[in-house]
Amino acid sequence: MITRETIDQLPSPCYVVEEELLRRNLRLIASVAERAGVEIILAFKAFALWKTFPIFREYIDATTASSLFEARLAAEQFGSPAHTYSPAYTDDEVEQIARLSSHLTFNSLSQYQRHYQRARLANPSLSFGLRVNPRYSEVETLLYNPCAPGTRFGIAAEKLPEKLPDGIEGFHCHCHCESGSDVFRRTLSHIERQFGKWMPQLRWMNFGGGHLMTRADYDVDLLVDTLTEFRHRHPNLHVILEPGSAFAWQTGPLVAKVVDIVEDCGIRTAILNVSFTCHMPDCLEMPYYPTVEGATHIDEPTAAMQDGGCAATAKEKDNCYRLGGNSCLSGDYMGMWRFDHELQVGEPVVLHDMIHYTTVKTTMFNGIGHPAIALLKADASVEVLRQYAYDDYLLRMD
């Protein structure tokens, strides 16, 4: 686990992947796959730190890609062809993607018609699928709801022909976002009701991501039972799940540092050497608040400086801070926290569970460099996997 001794060994700022926590998740995921008789693969969109792939290969055999670069990552760094889905393949990339993939899923019938023959010629062993849309999802945040009205994703049942197009061997159906197994069980009934008549024509069924099986309150037994029952009903189908967050859920923090403390209108802001918009954009998009070590989040920043809020005592008032990023974006801040001590310039701030999605969504807005990436090994030693420099910024601007 992260200690002050560990922090002293790290560059600042730094994402820290904790090997023991990563292996904990991988063991659970591997056990679900074995018990349910399904295949669970890693979605790069949530985690793509390729220097940790040797650890992953001890537990899983494949990954899922959504672009040419991710397909290359699968083949060249993970060591196996990708299960690939993209909302739209382009003429100049589809053949390259096909050669790097074991499975290729089309988002629409028009994409199938445009690209199927070329992809088949590029890789005769490729297994093709269609993404389908059951028009049912319990994801409440529209930004993350793949089945919201007007969605770009998938084919509704009424638009499918009775006999599937030549070469189609699977369906891909993604309806979840950090969801529980009870949600999957309810969603599955909609999927089978709408698409069950085509399932005898298929060889595989991919239920996508969003199955947060490593969350502490997740009912793993219900997931295993649901998948086992589905396989009994459809013994011809190889079942695939491709979570992203579940693999890297609570596997390590982003360790930052206080570089200044400013005050305006009674609100004190601790400016960090990281940026929410550059390094934690999912916190602003979702939005959700990270867990900050030694601090409690306060729901209403405007109430933080009022009696009955954070200001029960002068000392408590002094320990209330908004966390601000170091970019020029006015809204580059996140919430208000009450710390258990008065912050000092130069001290570390540990933002927990900042590995999944955050490490793949970072930007260099304002020319702000990425945090370093380190692996905290099981023996408590630290290996710095990557540090970023000016050349990385130049490459992004090239």
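Preceding this section is the structure that the text describes.
Every chain is numbered on its own, with residues counted from 1 as its sequence reads. Under the rules for a predicted model, residues below a pLDDT of 70 receive no local features and side-chain atom pairs below 80 are neither given nor counted, while totals for whole chains, interfaces and linings still include all residues. Note that the side-chain values use all heavy atoms of the structure and ignore hydrogens as well as water.

J.: Run through the state of the cysteines, naming residues and quoting values.
T.: Count a disulfide wherever a pair of cysteine sulfur atoms falls within 2.5 Å. Taken as a whole and judged by the stated rule, the model has 0 disulfides. C14 forms no disulfide, and the closest cysteine sulfur to it belongs to C278, at a distance of 17 Å. For C14, a relative accessible area of 0% translates into the label buried. C175 carries a free sulfur, and the closest cysteine sulfur to it, the one in C173, is 3.6 Å from it. For every residue, the accessible area (1.4 Å probe, protein chains only) is compared with the maximum for its type, and the residue is labelled buried under 20%, exposed over 50%, or partly exposed between those bounds. A relative accessible area of 1% places C175 in the buried class.

J.: Run through the sheet that holds strand β6 (residues 101-106), naming residues and quoting values.
T.: The strands that make up a sheet pair up through hydrogen bonds in the backbone, lying either parallel or antiparallel. Pairing in this open sheet of 9 strands is parallel, and the strands run β2-β10-β9-β8-β7-β6-β5-β4-β3 from one edge to the other. The open sheet has two free edges, formed respectively by β2 (39-40) and β3 (42-43), since each of these has just one partner strand. As paired elements, β3 and strand β4 (residues 63-65) share 2 bridges and run parallel to each other. Each bridged residue has a counterpart across the sheet, and for L42 the counterpart in β4 is T63. On top of the sheet, helix α6 (residues 109-122) reaches β6, β7 (127-131) and β8 (168-172); it is set at about 170° to β7, its chief contact. Only strands that DSSP links by at least two bridges are regarded as paired with each other. A run of H or I in DSSP counts as a helix once it spans at least four residues, and a run of E counts as a strand once it spans at least two, with each numbered from the N terminus. Here, two residues are considered to be in contact whenever any of their heavy atoms come within 4.5 Å of each other. Under this scheme, a helix contributes an axis fitted over its contacting stretch, all axes are lines through C-alpha atoms, and angles between N-to-C directions fall in the 0 to 180 degree range.

J.: Please provide a residue-by-residue account of the nonpolar core, values included.
T.: Formed by 97 residues in total, the largest nonpolar core has its most connected members in I40, F56, L160, F171, M205, F207 and M213. The biggest single contributor to this core is helix α2 (residues 19-36), with 6 residues. Excluding its chain neighbours within four sequence positions, the residues that come into contact with F207 are C173, F184, L188, I191, F230, V239, I240 and L241. In these notes, a set of buried Ala, Val, Leu, Ile, Met, Phe, Trp, Tyr and Cys residues joined through side-chain atoms within 4.5 Å is what counts as a nonpolar core. Counting residues in each nonpolar core, the second largest holds 10 residues, with L10, V16, A374 and L376 among its members.

J.: Please provide a residue-by-residue account of the side chain of N123, values included.
T.: Position of N123 among the secondary structure elements: in the loop between α6 and β7. Of the residues examined, N123 reaches a relative accessible area of 10% and is grouped as buried. Beyond its immediate sequence surroundings of up to four residues, N123 is in contact with A98, R99 and S101.

J.: Go over the packing of aromatic side chains with me, naming the residues and quoting the values.
T.: When the centres of two rings from Phe, Tyr and Trp lie within 6.5 Å, Trp using its six-membered ring, the rings pair. Their planes under 30 degrees apart give stacked, over 60 give edge-to-face, and anything left gives tilted. Tallying each qualifying case throughout the model produces 17 aromatic pairs. The interplanar angle of 80° and the centroid separation of 5.9 Å between the aromatic rings of F171 and F195 together place this pair among those described as edge-to-face. Of this pair, F171 sits in strand β8 while F195 sits in helix α7 (residues 181-195); the two residues are 24 residues apart in sequence, bridging distant segments of the chain. These aromatic residues form a ring-pair network of at least three members: F44, F47, F53, F56, F78 and F247. Criterion for a charge above a ring: Arg CZ or Lys NZ at most 6 Å from the ring centre, at most 35 degrees from the ring normal. Positioned over the ring face of Y333 is R322, at 4.0 Å from the centre of the ring.

J.: Any details on the environment of V258? Residues and values, ideally.
T.: Residue position: V258 is located in strand β11 (residues 254-264). V258 gets classed as buried once you look at its relative accessible area, which sits at 1%. Residues within four places of V258 in sequence aside, it is in contact with A270, I271, L272, L343, Q344, V345, G346, E347 and V349.

J.: So, the environment of F56: which residues are in play, and what are the values?
T.: Inspection of the secondary structure assignment puts F56 in helix α3 (residues 53-56). For F56, a relative accessible area of 0% puts it in the buried group. Distance from F56 to E293, taken between C-alpha atoms, is 28 Å for residues 237 residues apart in sequence. Discounting residues that sit within four places of it in the chain, F56 has contacts with L22, L26, L42, F47, F78 and F247.

J.: So what about the side chain of H176? Which residues, and what values?
T.: Tracing the sequence through the fold places H176 in the loop between β8 and α7. Within the structure, the side chain of H176 is placed 3.4 Å from the side chain of T187, a separation counted as a polar contact. Counting of polar contacts relies on pairs of N or O atoms within 3.5 Å, with two restrictions inside protein: one atom must be capable of donating a hydrogen and the other of accepting it, and residues adjacent in sequence are counted only when both atoms are side-chain atoms.

J.: Explain the pattern of salt bridges to me, and be specific about the residues and the numbers.
T.: We count a salt bridge whenever a side-chain nitrogen from Lys or Arg sits within 4 Å of a carboxyl oxygen from Asp or Glu. By the definition in use, this model includes 19 salt bridges. The salt bridge partner of R135 is E158, with a shortest N-O separation of 2.5 Å. Remark: E158 occurs in the loop between β7 and β8 and R135 occurs in the loop between β7 and β8; sequence separation between them is 23 residues. The class for E158 is exposed, based on a relative accessible area of 54%. Of the charged contacts in the structure, one is a salt bridge between E169 and R203, with a shortest N-O distance of 3.0 Å. Of this pair, E169 sits in strand β8 while R203 sits in the loop between α7 and β9 (204-206), and the two are 34 residues apart along the sequence.

J.: Outline helix α4 (residues 68-78), supporting the account with residue identities and numerical values.
T.: Every buried residue belonging to α4 is among L68, E70, A71, L73, A74 and F78, and all of these are buried. Just past α4, the residue G79 takes up positive phi, approximately 95°.

J.: If you had to explain unusual backbone geometry to someone new, which residues and values would you point to?
T.: Of note, the bond from S12 into P13 is cis; its omega dihedral lies within 30 degrees of zero at -5°. Structurally, the position occupied by P13 is in the loop between α1 (4-8) and β1 (14-18). Backbone geometry places Y357, a non-glycine residue, at a positive phi of 65°. With respect to the helices and strands, Y357 occurs in the loop between β17 (348-352) and β18 (372-376).

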